[in-house]
Amino acid sequence: MIERIWSGRSPLWLLLWPLSLLYGLITRLIRLSYRRGWRKSWRAPLPVIVVGNLTAGGNGKTPVVIWLVQALQQRGLRAGVVSRGYGGKAESYPLLVEHSTSTQQAGDEPVLIAQRTGAPVAVAPKRRDAVEALIARHPLDLIITDDGLQHYALQRDIEIVVIDGVRRFGNGWWLPAGPMRERADRLRSVDGVIVNGGTASDSEIAMTLHPALAINMLSGEKCALLALNQVVAMAGIGHPPRFFTTLKQQGLTPVAEIAFADHHTYSQSELMALATPQQTLLMTEKDAVKCRAFALENWWYLPVDAELQGAALEPLLKQIVQLCAKQTHTPEKSRQ
């Protein structure tokens, strides 16, 4: 239902329109308060790169963070990642993600980013606390914040927005009548726009997700996706249909497709009921990090790798590299 409302296919969005106007007014006032100095923002001693979005729901932001960290590592830069850790609850913050850190403590995305990149990751409700914890423990060249485009209490040097290229901005309205956290004109002030799927314009960076080999969650065995039998597909991500579409594009037709809410907390009994021992339960890598502790032998996951291309890509990476090469960063050079 919410997808129909946000896409404009349902007239119910008109009932929510007054609330959207209130939401838009509040968000604009918040941003204005930081730009005018009415509310204080904090400048980190290292360059800060924000990877965020303008809409609610899954846009592919986490694969972009992973890609960016790895791309900068290949250029000799040491990146730390901070996150609010949605879906997790630690005994105390800031929480530095380690090998033994569970998704119940840190949330699924920080654990996934740490495992895929090997980069230091810190979680805290206040991103400043996470940044300071990383800097105190690790020699870093820059900070990448996973989400946080609208978190103006943390100053940033570069803003990157990830867009779902198929859904784009729906009906274009603020929450709750539409999917927008900020209106599309916000793109005029960001440094890079990455479009996940669909068609990217000349000024945008095109992104595609490429599935790797499926991996068994118990044994670590890898195999081709089409070698799996009687696949029951499940996804608890921001936009589950994207995962199911990816499987079909690879020639796999699941016997069932089961969608969960983003950041859903799973139990073994819940997932055992989805597939028989003769079937294959196939999930996303983001789901898998939450289920490894109680995985069964017929549970598999499908990692995906982001591929970015476009004329705007290299200038953006060059901008980040040059930023890190500077020895001093003053508040006047940052964006609020």
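Residues numbered from 1 in each chain as written. Predicted model: local features only at pLDDT ≥ 70, side-chain atom pairs only at ≥ 80, totals over all residues. Heavy atoms only, no water.

The name given to the chain in an unreviewed UniProt entry is Tetraacyldisaccharide 4'-kinase, and the organism recorded there is Pantoea osteomyelitidis. The record in UniProt for the chain states the following under Pathway (unreviewed entry): "Glycolipid biosynthesis; lipid IV(A) biosynthesis; lipid IV(A) from (3R)-3-hydroxytetradecanoyl-[acyl-carrier-protein] and UDP-N-acetyl-alpha-D-glucosamine: step 6/6." UniProt, in its Function (unreviewed entry) section for the chain, records the words "Transfers the gamma-phosphate of ATP to the 4'-position of a tetraacyldisaccharide 1-phosphate intermediate (termed DS-1-P) to form tetraacyldisaccharide 1,4'-bis-phosphate (lipid IVA)." (UniProt positions renumbered as here; feature names shortened; annotations may be inferred.)

Undergrad: Can you walk me through the pattern of salt bridges in this structure?
TA: This structure, assessed with the given rule, holds 19 salt bridges. Asp141 is the partner of Arg78 in a salt bridge, and the nearest nitrogen-oxygen pair spans 3.2 Å. With a gap of 63 residues between them, Arg78 in the loop between α3 (61-74) and β2 (79-83) and Asp141 in the loop between α6 (127-137) and β5 (142-146) connect regions that are remote in the sequence. On the accessibility criterion, Arg78 (42% relative accessible area) is partly exposed. Residues Arg116 and Glu285 are paired through a salt bridge, measuring 2.6 Å at the closest nitrogen-oxygen approach. Placement of the pair is Arg116 in helix α5 (residues 108-117) and Glu285 in helix α9 (residues 285-291), with a sequence separation of 169 residues. (Salt bridge = Lys/Arg side-chain N within 4 Å of Asp/Glu carboxyl O. Helix = DSSP H or I, 4+ residues; strand = E, 2+ residues; numbered from the N terminus. Buried < 20%, exposed > 50% of the residue type's maximum accessible area, 1.4 Å probe, protein only.)

Undergrad: Could you clarify how one ought to interpret the sheet that holds strand β1 (residues 48-52) in this entry?
TA: In a beta sheet, neighbouring strands pair by backbone hydrogen bonds and run either parallel or antiparallel. Across the sheet, which stays open at both edges, the nine strands sit in the order β3-β4-β2-β5-β1-β6-β7-β8-β15 with mixed pairing between neighbours. Both edges of this open sheet fall to β3 (95-96) and β15 (304-309), since each of them pairs with a single strand only. One ladder, built from two bridges, connects β3 with strand β4 (residues 121-123); its direction is antiparallel. Each bridged residue has a counterpart across the sheet, and for Leu96 the counterpart in β4 is Ala122. Along the sheet face, α3 touches β1, β2, β5, β6 (158-164), β7 (192-196), β8 (205-211) and β15 and points at about 165° away from the line of β5. (Pairing = 2+ DSSP bridges. Contact = heavy atoms within 4.5 Å. Axes fitted to C-alpha atoms, helices over the stretch in contact; angles between N-to-C directions.)

Undergrad: Mind showing me how you'd approach empty space enclosed by the protein here?
TA: A water-sized probe, rolled over the atoms, reveals where empty space remains. Tallied over the entire structure, the rule returns two cavities of 30 Å³ or more. By volume, the largest cavity amounts to about 90 Å³. Lining the largest cavity, in full, are Tyr86, Gly87, Thr103, Gln104, Gly107, Asp108, His263, Thr265, Tyr266 and Lys290. Here the residues of the lining of the largest cavity sort into two nonpolar, six polar and two charged. Within this model, the second largest cavity holds a volume of roughly 60 Å³. In terms of lining, the second largest cavity is formed by Val64, Trp67, Leu68, Ile160, Ile194, Leu308, Leu313, Leu316, Leu317 and Ile320. Only α3 and α10 (313-325) provide two or more residues apiece to the lining of the second largest cavity. Here the lining of the second largest cavity takes four residues from α10, the largest share from any one element. (1 Å grid on protein atoms, 1.4 Å probe; cavity = no way out; pocket = protein on both sides within 12 Å on 5 of 7 lines; lining within 4 Å. Points joined across faces, edges and corners; volume = space filled by probe spheres on them. Nonpolar A, V, L, I, M, F, W, Y, C, P; charged D, E, K, R; others polar.)

Undergrad: What exactly am I supposed to notice about helix α2 (residues 13-35) here?
TA: In an α-helix, one turn spans 3.6 residues; hence positions three or four apart end up facing the same way. Over its 23 residues, α2 extends 31 Å from the first C-alpha to the last, a length consistent with the 33 Å expected when each residue adds 1.5 Å. Among all positions of α2, only Trp13, Ser20, Gly24, Thr27, Arg31, Ser33 and Tyr34 are buried. Residues of α2 that are buried make contact with α1 (2-7). Just downstream of α2 lies Gly37, where phi reads positive at about 85°. (Expected span 1.5 Å × (residues − 1).)

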